[in-house]
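# Topology and contacts: notes
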Amino acid sequence: MYVQNTKQAKFFQTVTRKLIKIQKGSLIVAGDLNVALEPDLDCSLGQDVLLFLDAVQSVEVTIPEAAVVGKTGSTVTLPCLYKTSVGSHFVLEWRFATGSTQTSSGSQIYYYTNGNSYKPGSQYDRLSISQNPPTTGIASIQLSNIRSSDSGSYVCEVSNPPDFSGTGSGMIKLTVLVPPSTPNCQLNGKTIAGRDVTLTCNSSGVPPPIYKWSFVGSKVPLLPSMMENQITGNLLLTNLSQAISGTYQCVASNEMGNANCEITITVTTMALLYEDPNKQLSAESAMRTLKHPVEDYIAEFKHWSEETL
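The shown structure was predicted, so the numbers you read here are calculated from the model rather than taken from an experiment. (Residues numbered from 1 in each chain as written. Predicted model: local features only at pLDDT ≥ 70, side-chain atom pairs only at ≥ 80, totals over all residues. Heavy atoms only, no water.)

## A short note on the side chain of Ser140
Spelled out, the test is: Secondary structure follows DSSP: runs of H or I at least 4 residues long count as helices, runs of E at least 2 residues long count as strands, and numbering of each begins at the N terminus. Burial status follows relative accessibility: with a 1.4 Å probe on protein chains alone, a residue under 20% of its type maximum counts as buried, one over 50% as exposed, and anything between as partly exposed. What qualifies as a polar contact is a pair of N or O atoms within 3.5 Å, subject to a donor-acceptor requirement within protein and to the restriction that residues adjacent in sequence count only when both atoms come from side chains. We call two residues in contact when some of their heavy atoms are within 4.5 Å.
Position of Ser140 among the secondary structure elements: in the loop between strand E12 (127–129) and strand E13 (141–143). The exposure class of Ser140 is buried, given its relative accessible area of 6%. Within the structure, the side chain of Ser140 is placed 3.0 Å from the backbone nitrogen of Cys80, a separation counted as a polar contact. Non-local contacts of Ser140, meaning those with residues more than four positions away in its chain, are made with Thr77, Leu78, Pro79, Cys80, Trp94, Ile129 and Ser130.

## Things to note about the environment of Asn258
Note that Asn258 resides in strand E22 (residues 257–265). Among the residues examined, Asn258 registers a relative accessible area of 55% and is labelled exposed. Apart from residues no more than four positions distant in its own chain, Asn258 is found in contact with Pro180, Val251, Ala252 and Ser253.

## Re the pattern of salt bridges
The test is simple: Just to be clear on terms, a salt bridge is a Lys or Arg side-chain nitrogen sitting within 4 Å of an Asp or Glu carboxyl oxygen.
Applying the stated criterion across every chain, the model contains four salt bridges. The partner of Asp150 in a salt bridge is Arg126, and the shortest N-O contact between them spans 2.8 Å. Highlighted residues: Asp150 in the loop between E13 and strand E14 (152–159) and Arg126 in the loop between strand E11 (116–118) and E12, separated in sequence by 24 residues. For the pair Asp150 and Arg126, a shared accessibility class is recorded, and that class is buried. Via salt bridges that share partners, Glu93, Arg95 and Glu157 belong to a single interconnected network.

## A few points about the state of the cysteines
Applied cut-off: By disulfide we mean two sulfur atoms from cysteines, separated by a distance within 2.5 Å.
With the rule as written, the count across this model stands at three disulfides. Covalently, Cys80 is tied to Cys156 through a disulfide, its sulfur atoms 2.0 Å apart. Of note, the bridge from Cys80 to Cys156 carries an S-S torsion of about -75° and is left-handed in sense. Residue Cys80 is located in the loop between strand E7 (76–78) and strand E8 (81–83), and its partner Cys156 is located in strand E14; the two are separated by 76 residues in the primary sequence. Using a relative accessible area of 0% as the deciding quantity, one classes Cys80 as buried. Of the residues examined, Cys156 reaches a relative accessible area of 0% and is grouped as buried. Residue pairing for Cys201: its cysteine sulfur links by disulfide to Cys250, the two sulfurs lying 2.1 Å apart. Its torsion about the S-S bond being -85°, the disulfide of Cys201 and Cys250 is classed as left-handed. Pair noted here: Cys201 is in strand E17 (residues 197–202) and Cys250 is in strand E21 (residues 246–254), with a separation of 49 residues, a long-range link. Across the protein, the disulfide pattern expressed with sequentially numbered bonded cysteines is 1-2, 3-6, 4-5.

## Examining the pairing of strand E15 (residues 169–177)
Selection rule: Only when DSSP finds a minimum of two bridges between them are two strands counted as paired.
Sheet topology places strand E6 (residues 67–71) next to E15; five bridges connect them, and they run parallel. By the bridge assignment for E15, Ala67 is matched with Lys173. Across six bridges, the pairing between E14 and E15 is antiparallel. Looking across to E15, one finds that Tyr154 is bridged to Ile172.

Written out as structure tokens, the structure is:
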């Protein structure tokens, strides 16, 4: 927009006038501008003449919710609003970056231009635009039957040449909640009386599950000699005795549900190991100690203990 005083102007006369710019709702002086007057301009006007040119507007994208959380299998809306005067060059684009991928390297999942919509991403059959066509200021999209692979960053970008100023894009973080998977219970160590062993429990889910161990059949969930870590899922059994032989259950849980696994241990004493005919040192070989020197017995027992214990 230009302000031009034409009281003394002559045809084709070049004059210098102030350039007036609209910025954030206010009129500001943006500098001087040389203006050539039109030949048919009425120079007898005794007042200022305002000349309006095509104004360049800004594009403003707003994200009402920067983080969206949804349960596996549900439908979520990723909100995106914008302000601009939609023209023939208007373009709306959505991009998706999974995990730690940079948003600039994200893949295109939705594209609108010239009245046509395109969905080139793998989510095409579960993705829909909230308002079709998205030319009235609402650029939100919906994702149905969401799954863990949908978690990540989504970028909504609006361009409307020649409107290049303003904030033309915004980002939303989507987190898909997933119930715990069936955990895996394992034993680390040998269940020999007097020793320590660790029971492990591993599961996946979003948010990460917490773990709870119990001694099946016991009046109390865990005995004083058992130390549980609910974050890692480990259960330490110290100073083993036959009294803690039995079945142990681990339950992995988060706000989406729970899952469990069980493991059974049998604590064996040294005497039982020595007498067990299935062990490397059989009862028959043990009897040979009566017929051989003590030194031979000690050497054989040492070899057996290194292999077995």
